[in-house]
Amino acid sequence: MANIISDETIEYVGILAKLELSEEEKEQAKSDMGKMLDYIDKLNELDTTNVEPMSHVFQVNNVFRQDVVANGDDRDNILKNAPGIKEGAFKVPKTVE
Amino acid sequence: MAKQYETVIGLEVHVELATKTKIFCGCSTEFGGAPNTHTCPVCTGMPGSLPVLNKQVVEYAIAVGLATNCSITQYCKFDRKNYFYPDNPQNYQISQLYLPICRNGGVEIDTPAGKKIIGIHEIHMEEDAGKLIHDEWEDCSLVDFNRSGVPLIEIVSEPDMRSAEEVIAYLDKLRLIIQYLGASDCKLNEGSMRADVNLSVREVGAKEFGTRTEMKNLNSFKAIARAIEGERARQIELLEEGKSVTQETRRWDDNKEYSYAMRSKEDAQDYRYFPDPDLVPIMISDEWIARIKAAQPELRTEKLERYKKEFDIPDYDAEILTSSKHMADIFEATTELCKKPKKVSNWLMVETLRLMKENDMEADDLKFSPENLAKLIELVDAGTINSSVAKEVFEEVFKNNIDPDKYVEEKGLKAVNDEGALRATIEKVIADNPQSVEDYHNGKEKAIGFLVGQTMKAMQGKANPGMVNKILKELL
Amino acid sequence: MSLMSLTAVELGKKIKAGEVTVKEAVEAAIAQIEKTENRLNCYVTVDKEGALKKAEEVQKLIDNGSLTGPLAGVPVAVKDNMCTKDLLTTCSSKILGNFVPTYTAEAVVNLEKAGAVILGKTNMDEFAMGSTTETSAYGETKNPWNVNHVPGGSSGGSCAAVAAEECSYALGSDTGGSIRQPSSFCGVTGIKPTYGTVSRYGLIAYGSSLDQIGPVAKDVTDCATILEVIASYDEKDSTSVKREDYDFTSCLVDDVKGLKIGIPKAYFGEGLEPEVKKVILDAAKVLEEKGAIVEEFDLGLADYAIPAYYVIAAAEASSNLSRFDGVKYGYRTEDYEGLHNMYKKTRSEGFGAEVKRRIMLGSFVLSSGYYDAYYLKALRTKALIKEEFDKAFEKYDVILGPVAPTTAPELGKSLSDPIKMYLGDIYTISVNLAGLPGISVPAGEDSKGLPIGLQFIGDCFQEKKIIRAAYSFEQTRTYKRPGMIEE
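From a predicted model like this one, the values you see are computed outputs, not experimental measurements. (Residues numbered from 1 in each chain as written. Chains lettered and ligands numbered in written order. Predicted model: local features only at pLDDT ≥ 70, side-chain atom pairs only at ≥ 80, totals over all residues.)

## What to know about the overall build of chain B
The secondary structure content of chain B amounts to 15 helices and 17 strands. Whereas a compact globule of 476 residues would reach a radius of gyration of roughly 23 Å, chain B reaches 29 Å, over 25% beyond that. Across its three principal directions, the C-alpha atoms of chain B cover 90 × 65 × 55 Å. Within chain B, the fraction of its 476 residues that count as buried is 44%. Put simply, of all contacts in chain B between residues at least 6 apart along the chain, 69% involve residues at least 24 apart. (Helix = DSSP H or I, 4+ residues; strand = E, 2+ residues; numbered from the N terminus. Rg over C-alpha atoms; globule rule 2.2 N^0.38 Å. Buried ≥ 20, exposed ≤ 12 C-beta atoms within 10 Å, placed from the backbone. Contact = placed C-beta atoms within 7 Å.)

Encoded structure:
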């Protein structure tokens with residue numbers, strides 16, 4: 001296996017993705033990701049010099065809205081699925097130490 | 001001998017654009033409002049919702065770019081900046097990294113050493129985050145998404161500033177340009193203009209930049225000046241102790257006059273930017289740019305020159321009148337109504353400035369309407385009220401934007417122009433003050449002032465001073 | 001014979017003619033659900049009450065002449081990644097286990113306007129990540145042709161429901177083959193439209209640049225009819241394309257004379273099961289006999305589509321799925337200490353293994369230092385793949401090939417080796433990368449009696465060509481129903 005994923009990498013990706021993995025899951029993730037990257041490395045066989053990265057497949061440009069208020073107060077709907085609500089706001093664990 | 005240090009400062013200035021709706025949805029950007037009442041599935045990150053770009057945001061961004069001498073990126077895109085925080089409903093912010101809408105500009109500022117260009121690296125468009133309210137009672141935070149999705153431009157300067165004065169001059173310049181364009185009201189205290197300060201120090205003469213820190217939470221010019229001073233001192237102290245500066249984001253606490261590192265092990269500061277697949281590229285044609293350029297309103301320098309020429313306003317006064325777009329707007333609108341530029345200027349330069357100073361206000365905070373100032377000027381001109389009553393009325397206009405016509409009527413402040421009544425009062429004043437009359441006749445011109453005063457007092461200040469003078473002289 | 005054995009268009013005609021009431025149609029569907037659902041698990045949510053209520057409303061509108069379309073009153077199942085107002089929408093994930101949307105996806109709105117009656121929400125691979133419908137948090141769906149086999153995925157619930165006649169037709173979504181592959185495995189027909197044809201508004205995103213909603217039904221006529229209804233230009237979706245032709249049913253013509261069909265040699269190499277290969281090549285012969293010009297050709301870069309796809313889809317997914325954090329909706333962990341712990345526990349408990357695997361991969365390929373090597377490389381590869389298709393469509397009207405290298409695998413055999421599972425997407429994935437339309441139609445069975453589908457791929461916006469080819473091919477066969485529904 002060409003790509004060896006370190007504990008640090010898995011730990012780091014866990015921070016980025018906000019995922020907490022058990023030891024067992026970490027080992028599995030290291031192995032899975034290593035294998036995937038080995039497979040993805042196949043792309044390196046392709047010469048892509050001077051090829052523009054294609055993020056959008058069609059040339060659709062300039063899709064705009066006009067600056068006109070279209071929405072009213074929809075708070076009840078917006079809060080309907082919230083796990084925690086207080087005073088019309090989403091309740092979350094405190095964000096300042 | 002102690003080492004000499006130079007401060008190197010670059011700014012990231014966020015400006016809230018004056019659109020009616022948010023950048024990617026049709027929710028109102030109106031300030032205030034109960035939590036989450038200006039929200040929809042898009043600006044709260046509901047599953048399946050999709051963004052659609054507000055055209056006005058692009059137009060404002062181009063206008064600011066042109067006015068700050070930037071080149072416009074004619075093929076630009078939005079990217080996602082990925083990070084988790086509760087005020088960020090999608091846990092990514094739609095912003096621009098790879099192809100920002102404006103690049104390579106700059107503005108000129110005045111410094112004691114002369115004019116200086118502060119380079120602008122780029123301007124990009126992005127969405128604002130929601131607001132977090134910290135609930136002390138329950139030890140939790142509350143998220144309000146009313147601000148989520150409000151359009152911002154971020155103006156990133158080059159590290160061209162060397163002092164707090166230069167920073168303030170630069171910010172003031174940006175503020176005026178953007179206000180005049182009508183792209184934002186740029187109020188630091190209300191957060192519609194926010195500056196993050198990137199600062200490093202280096203020994204004078206050094207070629208390389210030092211390690212910089214980024215300071216956030218600066219909401220007034222004064223706080224910015226203090227933060228720059230504080231952070232400069234902190235960094236120099238570290239270097240003097242042989243320690244090094246850590247590249248980090250710090251939060252300025254203006255009460256404690258100290259900055260605190262905002263780092264946490266959960267912040268990887270790796271934003272994984274990539275082009276947002278939900279939004280399509282923006283192609284900005286030469287014609288579009290030309291159209292925006294042609295529609296550019298008069299900027300400050302042009303306005304200043306015009307005031308001097310068109311209205312014969314002195315240099316200094318024109319500077320003050322144009323130092324805020326709001327002030328200039330009041331001046332022009334009032335002049336338009338009463339056609340007396342000099343008098344309007346006078347009211348703004350003297351009484352308005354005095355009251356602003358007394359109340360510790362900025363020109364942007366002025367609340368009175370041009371209509372009411374124009375009415376007041378008319379009242380004085382027509383002799384309906386005298387100048388001391390006018391000052392009193394103006395205070396009311398200034399504070400409560402009252403209608404001067406009504407106010408004068410209701411309070412009975414009209415100057416008494418009834419000659420018969422005046423004559424009777426003056427005859428009484430003359431009879432009561434023989435000494436003054438004698439002094440007057442002996443050539444003491446001042447004495448007439450006393451008599452006018454006595455008359456005004458007797459008339460409760462409402463007499464027409466011109467008429468009082470005339471009748472007095474006649475009777476004497 | 002049950003009303004459910006009719007195609008959607010046939011049933012629609014009977015309803016319109018007054019031979020069948022909407023209520024009878026809905027009751028027939030519910031009866032079938034009650035009969036087979038406990039063995040198949042096609043649905044996450046069956047909304048019996050809502051459907052019966054809706055049936056009455058729709059009936060009135062049909063009776064008073066305000067609903068006249070071909071699908072009025074016909075019961076439909078919707079994949080559980082499309083938001084439906086007031087109806088649970090889970091993406092087959094625990095993290096959305098209690099999510100009741102307050103708005104409806106545009107494609108579903110279009111269906112409702114046409115008088116469709118929604119029976120419920122179909123099972124899928126969690127967040128559409130998978131090819132077997134085994135990654136669902138609500139149990140796997142089984143293949144109606146053999147309940148020991150998977151239905152394919154990720155739209156396995158939709159395709160199995162159509163095959164088992166637990167609905168008259170269904171909506172699926174296709175990011176890398178998720179409509180076409182389960183259609184093939186379940187012996188039904190499914191279309192993945194050109195990117196931008198059906199609005200994505202309200203479709204819970206997996207890979208935004210690849211996702212498209214499309215129809216699943218018993219035949220090509222149904223699919224073309226459904227596509228005509230759901231396709232629309234939508235101002236709420238910036239990637240929506242304003243098309244000139246939405247009249248997809250106009251090309252339901254049995255005629256392939258002179259149609260130039262290209263068969264990519266690369267699609268018949270290693271990994272393709274001989275039985276599948278034979279069915280596809282036989283189909284090619286049938287088309288040739290009907291007057292089509294069939295030719296083999298070299299379609300380059302076929303092997304690079306999968307790695308490019310997994311980088312792009314995982315990257316977009318890692319970002320799209322970051323909004324599931326326990327703050328605004330869905331699952332939030334019970335016990336936590338502080339904000340970041342809440343995030344991590346919520347997401348770790350709320351997402352299944354395959355979703356976590358792709359989020360991790362996606363976060364990694366976008367992370368500092370790897371963006372160019374992986375993400376941009378994949379986008380460059382995508383550009384080259386698109387070019388290859390552009391070249392092919394200069395020569396051919398449609399491309400013909402298999403949908404998947406095998407028939408439906410047995411349950412429990414796929415998830416242990418993800419790469420092997422991903423390789424199963426080899427014939428479908430490049431279509432998504434290039435934004436092209438593709439259709440899967442039943443073409444035969446293997447020796448175990450499992451269905452084999454064939455795929456027509458068209459140039460972008462050329463749905464009509466693939467619909468015509470598929471329709472013509474379909475005329476040479478009779479529709480087969482799985483044995484279990486005859487019991």
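Back to the write-up after that little detour.
## Some details on the overall build of chain C
Along chain C, the regular secondary structure elements total 15 helices and 11 strands. The C-alpha atoms of chain C give a radius of gyration of 21 Å, which matches the 23 Å a tight globule of 487 residues would have. When the backbone C-alpha atoms are referred to their principal axes, chain C occupies close to 60 × 55 × 45 Å. Relative to its full complement of 487 residues, chain C shows a buried share of 66%. Within chain C, contacts between residues at least 6 apart in sequence are counted, and of these 76% link residues at least 24 apart.

## With respect to the sheet that holds strand β3 (residues 89–93) of chain A
The strand order β2(A)-β3(A)-β10(B)-β9(B) describes an open sheet built from four strands, whose pairing is antiparallel. Every interior strand has two partners, whereas the edge strands, β2 (85–86) of chain A together with β9 (131–135) of chain B, have only one. Of the pairings in the sheet, the one linking β9(B) to strand β10 (residues 140–144) of chain B comprises five bridges and is antiparallel in character. Residue pairing for β10(B): B:Asp135 is matched across the bridge by B:Cys140. (Pairing = 2+ DSSP bridges.)

## Some thoughts on the domain arrangement of chain B
Taken as a whole, chain B is organised into domain 1 (5–288), domain 2 (299–379 + 394–407) and domain 3 (419–475). A separation of 65 Å is found between the C-alpha centroids of domain 1 of chain B and domain 3 of chain B. (Domains from an automatic or database assignment.)

## Structural notes on the interface of chain C and chain B
Often the size quoted for an interface is simply the accessible area lost on bringing the parts together. Facing the 31 residues of chain C at the interface are 25 residues of chain B. Elements represented by at least two residues in the side of chain C that touches chain B include exactly α9 (305–320), α10 (338–350) and α11 (353–366) of chain C. Here the side of chain C that touches chain B is composed, by residue class, of 12 nonpolar, 11 polar and eight charged. (Nonpolar A, V, L, I, M, F, W, Y, C, P; charged D, E, K, R; others polar.)

## A closer look at the sheet that holds strand β6 (residues 92–95) of chain B
In a beta sheet, neighbouring strands pair by backbone hydrogen bonds and run either parallel or antiparallel. Residues and elements named next belong to chain B. Read across the open sheet, the three strands follow the order β6-β5-β16; overall the sheet is antiparallel. A strand with exactly one partner marks an edge of an open sheet, and here the two such strands are β6 and β16 (274–275). As judged from the two bridges shared by strand β5 (residues 79–82) and β16, these two strands associate in the antiparallel manner. Across the sheet, arginine 80 pairs through a bridge with phenylalanine 274, a residue of β16.

## Details of the interface of chain C and chain A
Facing 53 residues of chain C, the contacting portion of chain A comprises 36 residues. Looking at the side of chain C that touches chain A element by element, the count peaks at 11 residues for helix α12 (residues 371–395) of chain C. Looking at the side of chain C that touches chain A, its residues break down into 28 nonpolar, 14 polar and 11 charged.

## Quick notes on helix α1 (residues 55–67) of chain B
All names here are of chain B. Helix length check: α1, at 13 residues, gives a terminal C-alpha distance of 19 Å against a target of 18 Å (1.5 Å per residue), a fit within 8%. Most of α1 is tucked away, with 11 of its 13 residues classed as buried. When we look at burial in α1, the residues that qualify are Gln56, Val57, Val58, Glu59, Tyr60, Ala61, Ile62, Ala63, Val64, Gly65 and Ala67. One or two residues past the end of α1 sits asparagine 69, with phi positive at roughly 60°. (Expected span 1.5 Å × (residues − 1).)

## Examining helix α15 (residues 465–475) of chain B
What sets the pattern is the α-helix's 3.6 residues per turn: residues three or four places apart point alike. Residue and element names in this part refer to chain B. Listed as buried for α15 are Met467, Val468 and Leu472. Across the axial projection of α15, the buried residues extend over an arc of 130°, all falling on one side. Exposed residues on α15 whose side chains face more than 90 degrees from its buried face are Gly466, Lys473 and Glu474. Looking at the packing, one finds that the buried side of α15 touches α12 (419–432) and α14 (446–458). (Arc of directions from axis to C-beta.)

## As for the confidence of the model for chain C
Confidence along chain C averages 97 in pLDDT terms, with 100% of residues attaining 70 or more. Under the prediction, the complex receives an ipTM of 0.96, its pTM being 0.91. (pLDDT = per-residue confidence, 0-100.)

## What to know about the environment of C:Leu203
Mapped onto the fold, C:Leu203 is located in the loop between β5 (189–192) and β6 (212–217). Each C-alpha atom of the pair C:Leu203 and C:Leu423 lies 26 Å from the other, and the pair is 220 residues apart in sequence. Once residues within four sequence positions are removed from consideration, C:Leu203 is found in contact with B:Gly48, C:Asn81, C:Met82, C:Ala105, C:Ser173, C:Asp211 and C:Ile213.

## Here's the deal with the pairing of strand β11 (residues 451–458) of chain C
Residues and elements named next belong to chain C. Counting buried positions along β11 gives eight out of eight residues, so the element sits mostly inside the fold. Here β11 shows two buried faces, one formed by Pro451, Gly453, Gln455 and Ile457 and the other by Ile452, Leu454, Phe456 and Gly458. Alignment of strand β9 (residues 398–402) against β11, held across five bridges, turns out to be antiparallel. Pairing of valine 398 across the sheet is with glycine 458, part of β11. Here strand β10 (residues 438–445) runs beside β11; their pairing, made up of seven bridges, is antiparallel. Along β11, the bridge assignment pairs serine 440 with glutamine 455. Count of turn residues in the β10/β11 antiparallel hairpin: five residues, of which glycine 449 carries a positive phi of about 85°.

## Some thoughts on the nonpolar core
In this structure, B:Ala61, C:Val76 and C:Val311 are the most contacted members of the largest nonpolar core, which totals 262 residues. At 11 residues, α9(C) tops the list of elements feeding residues into this core. With sequence-adjacent residues up to four places away left out, B:Ala61 is seen in contact with B:Ile101, B:Cys102, B:Ile123, B:Met125 and B:Ile153. Ranked by size, the runner-up nonpolar core spans 38 residues in total, among them B:Leu321, B:Met327, B:Leu422 and B:Val468. (Core = buried A, V, L, I, M, F, W, Y, C linked by C-beta atoms within 7 Å.)

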